[in-house]
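# Fold and contact review
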Amino acid sequence: MKRYGLFIGGEWLEASSGTTFDVLNPADRTVVGQAAAGNAADVNKAVDAAARAFPDWSKRTARERSGLLTKIYDGMMKRKEEIARLMTLEQGKPLGEARGEVQYAADFFQWYGEEAKRIYGETIPANSPDKRIWVLRQPVGVTAAITPWNFPAAMITRKVAPALAAGCTMVAKPAEQTPLTAALLAEIMQEAGLPPGVFNLVTGTQAEEIGDALLADSRVRKLTFTGSTEVGKTLMRKAADTVKRLSLELGGQAPYLVFADADLEQAAIEVTASKFRNAGQTCVCTNRVYVHHSIKEEFAATLARYAQELKVGNGLHEGVQIGPLIDEQALDKVESHVRDAVDQGARVLTGGRKLRPSENETGCFYEPTVLLDTTEKMRVEQEETFGPVLPIHAFETEEEALALANNTPYGLAAYLYTRDLSRAVRVSERLEYGIVGVNDGMPSTAQAPFGGMKQSGLGREGGRQGIDEYLEVKYVSVGLK
Ligand code: ADP
């Protein structure tokens with residue numbers, strides 16, 4: 001049983017309230033550990049620590065910061081299995097997926113360890129022979145991160161690694177469902193020799209109080225958030241008072257366009273992987289499939305067969321491919337989306353019910369579900385389902401497919417499957433999404449700039465662009481007097 005305090009100023013502290021909260025395994029509702037229940041007073045302490053650490057950390061050489069990030073990467077690799085197991089315990093994803101997430105999460109430390117050395121400035125030709133203009137890129141200062149439960153490790157490292165590489169310090173608040181993975185990462189950073197106060201962790205159940213304290217503090221120069229569009233909008237409004245810089249990675253409504261010339265077998269494999277990964281609980285999961293009408297029945301039958309074969313259960317059990325949903329609220333949403341679609345005429349090809357894989361598995365499990373003939377009026381095509389439900393909708397023309405795909409306030413990830421190169425170029429250029437997978441259902445990687453358009457967010461995480469989110473641009477104009 002894991003028990004963690006708050007990590008502030010390089011030390012593990014009790015919460016100022018003196019209380020802790022239980023962390024539950026979503027597969028069987030047993031207690032897997034406890035975390036400290038931090039509040040606004042703890043946030044204040046953590047920001048103090050981050051502000052104290054900033055002058056020294058930001059002055060270290062890029063090479064030194066790079067070396068520390070590489071050590072954190074090595075630390076994560078050494079404890080890969082331990083992190084993966086803990087993640088499956090508190091979040092529910094199958095162990096194989098958890099291992100994949102640890103690698104993906106660690107990759108951000110490796111990538112930004114390298115990028116730390118490439119924070120280049122610029123010189124600009126001036127209008128006078130007696131002037132010089134230099135452009136510097138400097139760390140923004142103390143930053144705050146608020147992260148969700150669906151990727152308990154990667155959503156933290158994707159923020160911490162570029163922030164630290166840039167020379168910023170950070171206070172992070174993980175989701176109340178998954179604080180233990182976050183604390184284990186803090187322990188790894190401590191063991192790697194990260195100076196006190198550079199990374200601080202405030203766990204807790206009072207998300208709004210903690211968020212408000214971070215937002216109200218003018219020493220915090222930037223907030224980076226991953227979570228729901230609704231909470232993101234609230235944070236954006238509150239950030240206005242101190243004009244904080246913002247990165248927001250919010251909801252998605254990913255369409256998957258399958259054209260008649262696609263390799264159908266391969267497309268079905270990729271759609272299944274993209275849809276059912278993490279039980280459908282990722283913001284880039286396929287949420288809607290648009291398929292050319294000529295191949296609709298064949299493609300839908302293949303998808304239904306694949307979905308039926310997926311094994312549902314406790315993520316620690318051998319062979320399990322789909323774990324539980326995170327909680328009752330998530331299950332209610334999935335059930336109501338399916339009911340709404342069926343009431344409006346969608347056909348259930350497979351699934352459509354909640355299930356109990358065994359006596360002890362009392363969590364919120366739901367059958368992998370494939371719905372055929374869904375329409376734009378249905379909630380499954382309008383909202384993010386965040387569950388293992390795959391709606392299929394037939395189209396006639398490329399133009400129609402594009403209109404359907406773009407008809408949403410979201411713009412995070414979109415996918416298309418085709419063998420026609422011209423079509424791939426045309427369609428990918430017109431999709432109003434920050435990430436487009438062409439014949440690729442798994443585009444996320446540390447070296448690419450992940451992020452959304454429209455109401456899916458602001459800013460990019462990962463890649464060369466990801467570090468810009470933590471840097472201020474300053475120009476110095478020098479007169480040669
Ligand atoms: P999800 O629906 O994925 O749980 P949320 O947006 O509710 O997404 O949660 C993402 C993160 O935002 C979590 O760490 C959660 O605790 C935090 N959070 C939720 N509500 C607020 C709020 N009002 N202020 C600050 N943080 C919040």
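Right above here is the structure, for reference.
Here's what I pulled together on the structure shown here. (Residues numbered from 1 in each chain as written. Predicted model: local features only at pLDDT ≥ 70, side-chain atom pairs only at ≥ 80, totals over all residues. Heavy atoms only, no water.)

## Brief notes about the pairing of strand β21 (residues 413-417)
Regular strands have side chains that alternate between both faces of the sheet. So the rule is basically this: The cut-offs for exposure are 20% and 50% of the maximum accessible area for each residue type, with area from a 1.4 Å probe on protein chains only; residues under the lower value are buried, those over the upper are exposed, and the others partly exposed. Helix and strand definitions here come from DSSP, where helices need a minimum of 4 consecutive H or I residues and strands a minimum of 2 consecutive E residues; each element is numbered from the N-terminal end. One requirement defines pairing of two strands: DSSP has to find at least two bridges between them. Think of it like this: strands point away, you trace from the first strand over the helix to the second, and a clockwise trace means the crossover is right-handed.
Burial within β21 is extensive, with 5 of its 5 residues counted as buried. Neither face of β21 is exposed, since Ala413, Tyr415 and Tyr417 on one face and Ala414 and Leu416 on the opposite face are all buried. When strand β13 (residues 254-258) meets β21, the two strands line up parallel, connected through 3 bridges. Its bridge partner being in β21, tyrosine 256 is matched across the sheet by tyrosine 415. As defined by bridge partners, β21 adjoins strand β22 (residues 435-438) across 4 bridges and the pair is classed as parallel. Following the sheet pairing, alanine 413 is matched in β22 by isoleucine 435. On the question of chirality, the crossover connecting β21 to the parallel β22 by way of helix α14 (residues 421-430) is right-handed.

## Quick word on the environment of glutamine 253
Rules: The term polar contact refers here to a pair of N or O atoms within 3.5 Å; inside protein, the definition further demands a hydrogen-donor-capable atom paired with an acceptor-capable atom, and it admits residues adjacent in sequence only when both atoms are side-chain atoms.
Tracing the chain through its elements places glutamine 253 in the loop between β12 (245-249) and β13. Judged by relative accessible area, glutamine 253 falls into the buried class, the value being 0%. Sequence separation between glutamine 253 and alanine 307 is 54 residues; the distance between their C-alpha atoms is 20 Å. Within the structure, the side chain of glutamine 253 is placed 2.7 Å from the backbone oxygen of glutamate 381, a separation counted as a polar contact.

## Structural notes on helix α7 (residues 207-216)
Note on helix geometry: an α-helix contains 3.6 residues per turn, so any two residues three or four positions apart are oriented the same way. So the rule is basically this: In what follows, a contact means two residues having at least one pair of non-hydrogen atoms within 4.5 Å.
Considered for burial, the residues of α7 that qualify are Ile210, Gly211, Ala213, Leu214 and Leu215. Here the buried face of α7 lies against α1 (40-59), β8 (142-146), β9 (169-173), β11 (220-226) and α8 (229-239).

## Comments concerning the sheet that holds strand β18 (residues 369-372)
Strands belonging to one sheet form pairs held by backbone hydrogen bonds; the direction of such a pair is parallel or antiparallel. Counted only if it meets this: Only the contacting stretch of a helix is used when fitting its axis, a line to C-alpha atoms as for every element, and angles between N-to-C directions run 0 to 180 degrees.
Spatial strand order, β15-β18-β19-β14-β13-β21-β22: 7 strands in an open sheet with mixed pairing. Looking at the sheet topology across the chains shown, the edges are occupied by β15 (347-350) and β22. Neighbour to neighbour, the strand axes of the sheet diverge by 25° on average, direction disregarded. Relative to strand β19 (residues 389-395), helix α13 (residues 398-406) is tilted by about 145°, and along the sheet it contacts β13, β14 (286-292) and β19.

## Considerations on the site of the ligand
Worth spelling out the cut-off: For each residue, the test is whether any non-hydrogen atom lies within 4 Å of the molecule or strand; if one does, the residue is near. Throughout, the Shrake-Rupley method with a 1.4 Å probe supplies accessible areas, and for residues the shown protein chains are the sole cover considered. The residue classification treats Ala, Val, Leu, Ile, Met, Phe, Trp, Tyr, Cys and Pro as nonpolar and Asp, Glu, Lys and Arg as charged. All others, Gly included, are polar.
Taken together, 16 residues sit near the ligand, with Thr147, Trp149, Lys173, Glu176 and Ser228 positioned nearest. Here an oxygen atom of the ligand and a side-chain polar atom of lysine 173 are 2.6 Å apart. Serine 228 places a side-chain nitrogen or oxygen 2.7 Å from an oxygen atom of the ligand. About the coverage of the ligand: the protein hides 79% of its 550 Å² of free accessible area. Those elements that place two or more of their residues in the shell around the ligand are α7, β11 and α8. When residues in the shell around the ligand are grouped by element, the largest group, 3 residues, is from α7. Class assignment for the residues of the shell around the ligand results in 8 nonpolar, 5 polar and 3 charged.

## Things to note about the side chain of threonine 286
Within the secondary structure, threonine 286 is located in strand β14. Apart from the residues lying within four places of it in its own chain, the contact partners of threonine 286 are Ala254, Tyr256, Ser274, Lys275, Leu390 and Tyr415.

## A look at the sheet that holds strand β4 (residues 20-24)
One open sheet accounts for 3 strands, arranged β1-β5-β4; its pairing is mixed. Each of the sheet's edge strands pairs with one partner strand only, and the pair in question is β1 (2-4) and β4. Across the sheet, the mean angle from the axis of one strand to that of its neighbour is 20°, orientation sign disregarded. Across 3 bridges, β1 lies against strand β5 (residues 31-36) in parallel orientation.

## So, the pattern of salt bridges
Which entries qualify depends on this criterion: One speaks of a salt bridge when a side-chain nitrogen belonging to Lys or Arg is within 4 Å of a carboxyl oxygen belonging to Asp or Glu.
Within the structure shown, the criterion is met by 35 salt bridges. Note that glutamate 472 and arginine 245 form a salt bridge whose closest N and O atoms lie 3.2 Å from each other. In this pair, glutamate 472 sits in strand β25 (residues 471-479) while arginine 245 sits in strand β12, placing the two residues 227 residues apart along the sequence. By relative accessible area, glutamate 472 is classed as partly exposed at 34%. The shortest N-O distance in the salt bridge between aspartate 261 and arginine 423 comes to 3.6 Å. With aspartate 261 in the loop between β13 and α9 (264-276) and arginine 423 in helix α14, this residue pair connects regions lying 162 residues apart in the sequence. We classify aspartate 261 as partly exposed; its relative accessible area is 24%. By sharing partners, the salt bridges in this structure join Lys2, Arg79, Glu82, Glu187 and Glu191 into a single network.

## What to know about the nonpolar core
Here is the rule: Only buried residues count toward a nonpolar core, which is a set of Ala, Val, Leu, Ile, Met, Phe, Trp, Tyr and Cys residues joined through side-chain atoms within 4.5 Å.
Met76, Phe109 and Phe199 are the most contacted members of the largest nonpolar core, which totals 61 residues. Setting aside chain neighbours within four positions, we find phenylalanine 109 in contact with Leu69, Ile72, Tyr73, Met76, Thr157, Val160, Ala161 and Met189. One finds Ala175, Val271, Ala346 and Phe386 within the second-largest nonpolar core, a separate group that totals 52 residues.

## Thoughts on a nonpolar patch on the surface
Rules: Grouping into patches uses exposed residues only, defined as over 30% relative accessible area, and leaves out salt-bridged ones; the cut-off is 9 Å for like charges and 5 Å for nonpolar side chains (Val, Leu, Ile, Met, Phe, Trp, Tyr).
Nonpolar side chains collect at one region of the surface, where Met1, Leu24 and Val31 lie side by side and expose about 310 Å² of accessible area between them. Take methionine 1: it is sitting in the segment before β1.

## A few points about the packing of aromatic side chains
Spelled out, the test is: Only the six-membered ring of Trp is used, alongside the rings of Phe and Tyr, when aromatic pairs are assigned; centres must lie within 6.5 Å, and planes under 30 degrees apart are stacked while those over 60 apart are edge-to-face, with the rest tilted.
Applying the stated criterion across every chain, the model contains 7 aromatic pairs. Seen in terms of ring centroids, tyrosine 256 and tyrosine 417 are 6.2 Å apart; in terms of plane orientation they differ by 20°. Their pairing is stacked. With tyrosine 256 in strand β13 and tyrosine 417 in strand β21, this pair connects stretches of sequence that are 161 residues apart. The interplanar angle of 70° and the centroid separation of 5.4 Å between the aromatic rings of phenylalanine 259 and phenylalanine 395 together place this pair among those described as edge-to-face.

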